[in-house]
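# Remarks on the overall topology
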Amino acid sequence: MEKLNSSIAPDHRAAISEALYQCVSETAITTMLAQNYHWNVTGMAFGPLHSLFQEIYEDHFSAQDELAERMRALGSFVDGNLSSMLKQSKINECEDKLSAVDMLKNMINAQETLASTNAGAGDIAASYGDKLTEDLCIERGKVHEKFAWILRSHIE
Ligand SMILES: [Fe+2]
């Protein structure tokens, strides 16, 4: 933990960063998952799903950057290795060749997990008076819940 002129104590910044790293990891794994589905989706809904998965990975690619840079602003090192992120993430890679519906179900699950991870990280930030991280996590949580709703609407 770097020395900073911050009102948040170093051990509190470390705890917030740990929660943020969970967000970074799951966002990064889901970025790749969405791109995997963007490439491999098939069926009559190819066009809209190909585009929707692209919208998701583009959003997540910028979000993982913002979340990781928030960790740096708090004075933490960011382990940028995918192997570390995979260990941390509750969302897994997908090795199977899935139908479009199963891709949607997996992606709904990933978005719901991300919404909950970001909400939890926001609570931890709030408990240490870190409004700025809290705001970022709330914003990200809302985006993930919106994607979950959009995805769910395809199979309801
Ligand atoms: Fe593409």
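Attention here is on the structure that accompanies the text. The structure presented is a predicted model; accordingly, all values stated were derived computationally and were not measured. The numbering scheme is per chain: residues are counted from 1 as the chain's sequence reads. Residue-level local features of this predicted model are given only where pLDDT is at least 70; pairs of side-chain atoms are given and counted only at 80 or more, and the full residue set underlies all totals for whole chains, interfaces and linings.

This brings us to the overall build of the protein chain. Numbering of helices and strands starts at the N terminus; helices are DSSP runs of H or I of at least 4 residues and strands are runs of E of at least 2. Each helix and strand counted, the protein chain has five helices and zero strands in total. What you see for the protein chain is a C-alpha radius of gyration of 16 Å, in line with the 15 Å of a compact globule of 156 residues. Along the three orthogonal principal directions, the C-alpha set of the protein chain runs to about 55 × 30 × 20 Å. Residue burial is a threshold on neighbouring C-beta atoms within 10 Å of the residue's own C-beta, all placed from the backbone, with 20 or more meaning buried, 12 or fewer meaning exposed, and counts in between meaning partly exposed. Going through the 156 residues of the protein chain one by one, you find that 36% of them count as buried. Contacts are defined on C-beta atoms placed from the backbone: any two residues whose C-beta positions lie within 7 Å are in contact. Sequence separation of 24 or more characterises 75% of the internal contacts of the protein chain that already satisfy a separation of 6 or more. Radius of gyration means the value over C-alpha atoms here, while the globule rule gives 2.2 Å times the residue count to the 0.38 power.

Quick look at the nonpolar core now. Judged by nonpolar contacts, the single largest core of 34 residues is most densely connected at L20, V24, Y37, F53, L67 and M107. Where this core is concerned, the elements lending two or more residues are α1 (10-40), α2 (46-73), α4 (100-127) and α5 (131-155). With ten residues, α1 is the largest single contributor of residues to this core. Put simply, a nonpolar core is buried Ala, Val, Leu, Ile, Met, Phe, Trp, Tyr and Cys residues tied into one set by C-beta atoms within 7 Å.

Between its terminal C-alpha atoms α5 stretches 37 Å, which fits the 36 Å expected from 25 residues at 1.5 Å a residue. Of the positions making up α5, those classed as buried are T133, L136, C137, R140, G141, H144, F147 and L151. Tucked into the core, α5 has its buried residues touching α1, α2 and α4. Expected helix span is given by 1.5 Å per residue-to-residue step, counting one fewer step than there are residues.

The next subject is the packing of α1 against α4. Lines are fitted to the C-alpha atoms to define the axes, a helix being fitted only along its stretch in contact, and any angle between axes, read from their N-to-C directions, falls within 0 to 180 degrees. Two elements in contact, α1 and α4, have axes whose closest approach is 9 Å; the angle formed by their N-to-C orientations is 165°. Taken together, the axes of α1 and α4 are roughly antiparallel relative to one another. Crossing hand, α1 versus α4: left-handed. Two secondary-structure elements touch here, α1 through A15, I16, A19, L20, Q22, C23, E26, T27, T30, L33, A34 and Y37 and α4 through M103, M107, A110, T113, L114, T117, N118, G120, A121, I124 and A125. Residue classes follow a fixed rule: Ala, Val, Leu, Ile, Met, Phe, Trp, Tyr, Cys and Pro count as nonpolar, while Asp, Glu, Lys and Arg count as charged, and any other residue, Gly among them, counts as polar. Looking at the contact of α1 with α4, its residues break down into 15 nonpolar, seven polar and one charged. Each angle receives one of four descriptions, namely roughly parallel if under 35 degrees, roughly antiparallel if over 145, roughly perpendicular if within 65 to 115, and oblique otherwise. Should the near helix be turned counterclockwise from the far one by less than a right angle, the crossing is left-handed, whereas a clockwise turn marks it as right-handed.

Once that is clear, we can look at the packing of α1 against α2. Relative to each other, α1 and α2 sit at 155°, their axes nearing to 8 Å. Judged on the interaxial angle alone, α2 and α1 are roughly antiparallel. Crossing handedness for the pair α1 and α2: left-handed. Residue classes in the contact of α1 with α2 are distributed as 15 nonpolar, ten polar and one charged.

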